[in-house]
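What the coordinates show
What follows is the residue order along each chain.
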Amino acid sequence: MRDLGVGFRYLLKGQRWVATHGRSYGFGLLPGLITLVLYAAALVALALWGEDAVAWATPFADDWSSPWLGLFRGFLTAVLFALALLLAVVTFTAVTLLIGQPFYENLSEKVDRDVSPDGHAPESGLPLWRELWISARDSLRIVVRAALWGVLLFACGFIPVVGQTVVPVIGFFVTGFFLTEELTAVALQRRSVELRTRLGLLRSRKTLVWGFGTPLAVAFLVPFVAVFLMPGAVAGATLMARDLLGEEIREDGAEGDDAVTTPPRPPSGSSSPAR
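Residues numbered from 1 in each chain as written. Predicted model: local features only at pLDDT ≥ 70, side-chain atom pairs only at ≥ 80, totals over all residues. Heavy atoms only, no water.

Digging into unusual backbone geometry
- Of note, Ser-192 is a non-glycine position whose phi angle comes to about 60 degrees, a positive value.
- You can see Ser-192 is positioned in the loop between α6 (162-190) and α7 (195-204).
- On the basis of relative accessible area, Ser-192 is assigned to the exposed category, the value being 54%. (Helix = DSSP H or I, 4+ residues; strand = E, 2+ residues; numbered from the N terminus. Buried < 20%, exposed > 50% of the residue type's maximum accessible area, 1.4 Å probe, protein only.)

Quick look at α6
- Taking 1.5 Å of rise per residue, 29 residues should cover 42 Å, and α6 covers 41 Å from first to last C-alpha, within 8% of that figure.
- Of all bends in α6, the biggest is about 40 degrees, found at Thr-184. (Expected span 1.5 Å × (residues − 1). Bend = angle between axes of the 7 residues up to and from the residue.)

Digging into a positive patch on the surface
- A cluster of basic residues, Arg-145, Arg-196, Arg-203 and Lys-206, forms a positive patch at the surface.
- Of note, Lys-206 is situated in helix α8 (residues 206-220).
- A relative accessible area of 38% means that Lys-206 is categorised as partly exposed. (Patch = residues over 30% accessible without salt bridge, like charges linked within 9 Å, V, L, I, M, F, W, Y side chains within 5 Å. Areas by Shrake-Rupley, 256 points an atom, 1.4 Å probe, with all protein chains shown as cover. Salt bridge = Lys/Arg side-chain N within 4 Å of Asp/Glu carboxyl O. Lys, Arg positive; Asp, Glu negative; His and termini not counted. Charge placed at Lys NZ, Arg CZ, Asp CG, Glu CD.)

Re the pattern of salt bridges
- Applying the stated rule across the entire model yields 14 salt bridges.
- Here Arg-137 ties to Asp-138 by a salt bridge, and the two come within 3.2 Å at their closest N and O atoms.
- Using a relative accessible area of 3% as the deciding quantity, one classes Asp-138 as buried.
- Taking the shortest distance from any N to any O, the salt bridge between Arg-191 and Glu-247 comes out at 2.9 Å. Of the two residues, Arg-191 sits in the loop between α6 and α7 while Glu-247 sits in the loop between α9 (225-244) and β1 (249-250), which places them 56 residues apart along the sequence.
- Ionic contacts of the salt-bridge type, sharing partners, join the residues Glu-105, Asp-112, Arg-190, Arg-191, Arg-242 and Glu-247 into one network.

Quick word on the confidence of the model for the protein chain
- Chain-level pLDDT for the protein chain is 82 on average; 90% of the residues reach the 70-or-more range.
- Confidence drops under a pLDDT of 50 for residues 253-264, and excluding neighbours within four residues, the segment shows 17 contacts in the predicted structure.
- The low-confidence segment residues 266-275, where pLDDT is below 50, has 13 contacts with residues more than four positions distant or belonging to other chains. (pLDDT = per-residue confidence, 0-100. Contact = heavy atoms within 4.5 Å.)

Focus on the packing of aromatic side chains
- A complete count under the given rule lists seven aromatic pairs for this structure.
- Taken together, the ring pairs in this structure connect Tyr-39, Phe-92 and Phe-220 into an aromatic cluster. (Phe/Tyr/Trp six-rings, centres within 6.5 Å; stacked < 30°, edge-to-face > 60°.)

Here's the deal with the packing of helix α4 (residues 101-115) against α9
- In contact at an axis separation of 9 Å, α4 and α9 are set at 50 degrees when each is read in the N-to-C sense. Comparing the axis directions of α4 and α9 gives the class oblique. Note that α4 runs across α9; the crossing there is right-handed. Taken together, the residues of α9 that come into contact with α4 (itself represented by Tyr-104, Leu-107, Ser-108, Val-111, Asp-112 and Val-115) are Met-230, Pro-231, Val-234, Ala-235, Thr-238, Leu-239 and Arg-242.
- A breakdown of the residues in the contact of α4 with α9 according to their chemical character gives nine nonpolar, two polar and two charged. (Axes fitted to C-alpha atoms, helices over the stretch in contact; angles between N-to-C directions. Parallel < 35°, antiparallel > 145°, perpendicular 65-115°, else oblique. Left-handed = near helix turned anticlockwise from the far one by under 90°. Nonpolar A, V, L, I, M, F, W, Y, C, P; charged D, E, K, R; others polar.)

Considering the environment of Pro-231
- Mapped onto the elements of the fold, Pro-231 is located in helix α9.
- Remark: the alpha-carbon pair of Pro-231 and Trp-17, spanning 214 residues in sequence, is separated by 9.4 Å.
- Excluding residues that lie within four positions of it along the chain, Pro-231 makes contacts with Val-18, Tyr-25, Gly-28, Leu-29, Tyr-104 and Leu-107.

Quick word on the environment of Ala-147
- With respect to the element layout, Ala-147 can be found in helix α5 (residues 128-156).
- Relative accessible area serves as the criterion here: at 27%, Ala-147 is assigned to the partly exposed category.

Points about α5
- An ideal rise of 1.5 Å per residue puts 42 Å on 29 residues; α5 measures up with 41 Å between its terminal C-alpha atoms.
- Those residues of α5 that fall on the buried side of the exposure criterion are Glu-131, Ile-134, Ser-135, Asp-138, Ser-139, Ile-142, Ala-146, Gly-150 and Leu-153.

Examining the nonpolar core
- Ranked by size, the top nonpolar core spans 44 residues in total, and within it Tyr-10, Leu-183, Phe-212, Met-230 and Val-234 carry the most contacts.
- At ten residues, α9 tops the list of elements feeding residues into this core.
- If sequence neighbours within four positions are ignored, Val-234 has contacts with Leu-97, Tyr-104, Leu-107, Ser-108, Leu-183 and Val-186.
- The next biggest cluster of nonpolar side chains, apart from the first, holds six residues, and it includes Ala-187, Val-193, Ala-241 and Leu-245. (Core = buried A, V, L, I, M, F, W, Y, C linked by side-chain atoms within 4.5 Å.)

Observations regarding the side chain of Asp-114
- In this structure, Asp-114 sits in helix α4.
- For Asp-114, a relative accessible area of 18% corresponds to the buried category.
- At 2.8 Å, the side chain of Asp-114 forms a polar contact with the side chain of Trp-17. (Polar contact = N/O pair within 3.5 Å; in protein donor to acceptor, adjacent residues only side chain to side chain.)

Below you can see the structure in the form of structure tokens.
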């Protein structure tokens, strides 16, 4: 369970890093603001016309008597909006990272240089268009996985008692895992770590991932919070990526002889293929 606290500390360290690097933080806010405007517009449109969409999709209920017609379509409209909110939480990070790829790549590289004992930041050597393509492809794969989990958890939500207590908790852990994958991908893709291997690394240290991603998933439910936490989340995920790969971390970006380093350890899960 020690990893649970370690993951949460990485989240806090990332926020602290951007707090002391105001310029990087300012640039890191832009992609989140753009994504927030796009998502807000989509949710407002769904709130205005969601009922019409449900009515169009359920013509067989047109002849139902009151109050069953209103209850049935009202329930489906609420379900549709709830699913949209869930997808918004799960995909917000992926879309923001895709829009802000150059911003977050730059931020992640600065974190790597700041905490690396030799001041070195790994580079992929790929052109920007290739990095964007890989990021979009992998994000789509993660969104599909997250959507399947979302449908499963939604169905389990109808189980009496369990659906109203256990399932929401599991949902936060699942969302936290996928958020962490998307965020660590920024640093791991620069190291040419493929999606399958990334998932294997994260699964090998689930408590570390949950300690980082689950509090973030809860925080992202609060309007506008995701925008302000994203830069720090990318910074913290970069630190976590170094931990997962067994790379040294110079604590607090200390300089020279005052640097305190975290000793490297073998990358978890590197000896066996990801499932």
